[in-house]
Amino acid sequence: MKQVSINDLKSGMVLAKDVIADGQLIISKGVVLSEASIDKLKKYVILRVAVEEEMSQAFTSSVEKDLSYSERVKNSPEFKKFKENFDDAVDALETSMNDVVEKNKPLDVDDMLSPVLETMESLESRIEVFAMMQNMRDYDDATYVHCLNVALICNIFSRWLDFSNEETRIATACGLLHDIGKIVIEKDIIQKPEKLSVNEYEMIKKHTIKGYDLLRDYHIDIHIKNAALLHHERCDGSGYPYGLKGDLIDPYAKIVAIADVYDAMTATRVYRDAMCPFTVISEFEGEGLQKYDPRFLLTFLKNIENTFLQNRVRLSNGKEGEIVFINKEHLDKPTIRCGMDFIDLSIQKDVHIEAII
Ligand SMILES: [Fe+2]
Ligand SMILES: [Fe+2]
């Protein structure tokens, strides 16, 4: 750590101590300084600040990579293995769900879970599943793919919540089977590209009750049945099918709700393009705390943000850069390194992340 005069500060230096003026936190320790944050310090007439001896690593590795992060992920042998396992898991899920729905075959949760867990195990780091899934987005949006995605998200989410192995297994199964009721709803409505009529929307909403009915008589964990029934309930009572509030909603259904919405919004749908994860995070940060259990939502957002560190993004001002710092106060506004400059989106409020590239 060293003390540096404000006039000698450079983009890429890392603050070693919180900067406080008049009892107010101006910039936190750990922030990578940008032109904008240096200007901010000047406005507060700060004379000297403590910075780390080393510049930000992202700054020093100034050699621009030829490939985008997304291209590097897609070219990696790990992605190819993941995609293979993912495809197999989707096929297995389609077969076993249809066996249950159409042929009344016994439902063996362990059997259904094993391809999902194999897909997870094919990854060196569990966090990579988000990068992998992000790159599968042009895949398609069939119910089975969505269910598998939600199961994978629930699996990692459970670990972030420090769940036991058994709880993690249940949460993963909840994600896998949450939309099983959609299989008995007319495909034309599920895949309709135009806006749904009121009646059609009411039909779709029934997938919750239909899913519960399909699972009701099986000897499986009660949370799996509840998650199928209650994953569209919201803590403020604005959900369906019953408009339940807070504590009346099964905690596993609350976990599935967050994973479900995250996957649905970041996936390409027949009626709209995929939303950028940062737009989704920003929406969750907005009205999310009323609708979703804050215990679960805050853990989800904090961890999911970290999975995007070092991803390349395109900003609304046309510039491209790499995420180098996550701002804990504003999870949707990280610091981006663009060439030799750093843009702190929590300070430069007129700029936002448009897409991960
Ligand atoms: Fe659903
Ligand atoms: Fe869903």
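In this text the structure is predicted, and so the values were computed from the model without any measurement.

J.: Can you walk me through the coordination of the iron ion (ligand 1) in this structure?
T.: Angles between donor atoms at a metal ideally measure 109.5 degrees for a four-coordinate tetrahedral arrangement and either 90 or 180 degrees for a six-coordinate octahedral one. Coordination of the iron ion (ligand 1) by the protein comes from D179 (OD), H207 (NE2), H231 (NE2) and H232 (NE2), over a distance range of 2.1 to 2.2 Å. The motif formed by the donor residues of the iron ion (ligand 1), counted along the single chain, is D-x27-H-x23-H-H. The distance between the iron ion (ligand 1) and the iron ion (ligand 2) comes to 3.5 Å, with D179 serving as a donor to both metals. Overall, the relative accessible area of 15% leaves H232 in the buried class.

J.: Any chance you could explain the sheet that holds strand β8 (residues 341–344) here in plain terms?
T.: Adjacent strands of a sheet form backbone hydrogen bonds with each other and so pair up, either parallel or antiparallel. Strands sit in the order β8-β7-β6-β5-β9 across an open sheet of five strands; the sheet is antiparallel. Of all strands in the sheet, those with a lone pairing partner are β8 and β9 (353–356), marking the two edges. Sheet twist, expressed as the average angle between the axes of neighbouring strands with direction ignored, equals 40 degrees. Pairing of strand β5 (residues 312–315) with strand β6 (residues 320–325), which is carried by three bridges, proceeds in the antiparallel orientation.

J.: How should I be thinking about the packing of helix α7 (residues 143–160) against helix α13 (residues 251–266) in this particular structure?
T.: Between α7 and α13, the least distance of the axes is 9 Å, while the angle of their chain directions is 125 degrees. As summarised for this structure, α7 and α13 are arranged oblique, according to the angle between their axes. Handedness of the crossing formed by α7 with α13: right-handed. Packed against α7, whose contacting residues are H146, N149, V150, I153, C154 and F157, the element α13 presents I255, V256, I258, A259, D260, Y262, D263 and A264 at the interface.

J.: How do you make sense of the nonpolar core when you look at a structure like this?
T.: Note that soluble globular proteins tend to have their nonpolar side chains buried in a common cluster. Ranked by internal contacts, the top residues of the largest apolar core, which has 83 residues, are F284 and F300. Top element by residues in this core is α7. It accounts for twelve residues. Built from parts of two domains, this core gets at least three residues from each of domain 2 (75–275) and domain 3 (312–356). Among all residues touching F300, those that are not within four sequence positions of it are I153, F157, W160, I258, Y262 and F284. Ranked by size, the runner-up nonpolar core spans 21 residues in total, among them V4, A21, L41 and V49.

Rules and cut-offs
- Residues numbered from 1 in each chain as written.
- Chains lettered and ligands numbered in written order.
- Predicted model: local features only at pLDDT ≥ 70, side-chain atom pairs only at ≥ 80, totals over all residues.
- Heavy atoms only, no water.
- Donors = N, O, S within 2.8 Å, 3.2 Å for Na, K, Ca; no water.
- Buried < 20%, exposed > 50% of the residue type's maximum accessible area, 1.4 Å probe, protein only.
- Pairing = 2+ DSSP bridges.
- Helix = DSSP H or I, 4+ residues; strand = E, 2+ residues; numbered from the N terminus.
- Axes fitted to C-alpha atoms, helices over the stretch in contact; angles between N-to-C directions.
- Parallel < 35°, antiparallel > 145°, perpendicular 65-115°, else oblique.
- Left-handed = near helix turned anticlockwise from the far one by under 90°.
- Contact = heavy atoms within 4.5 Å.
- Core = buried A, V, L, I, M, F, W, Y, C linked by side-chain atoms within 4.5 Å.
- Domains from an automatic or database assignment.

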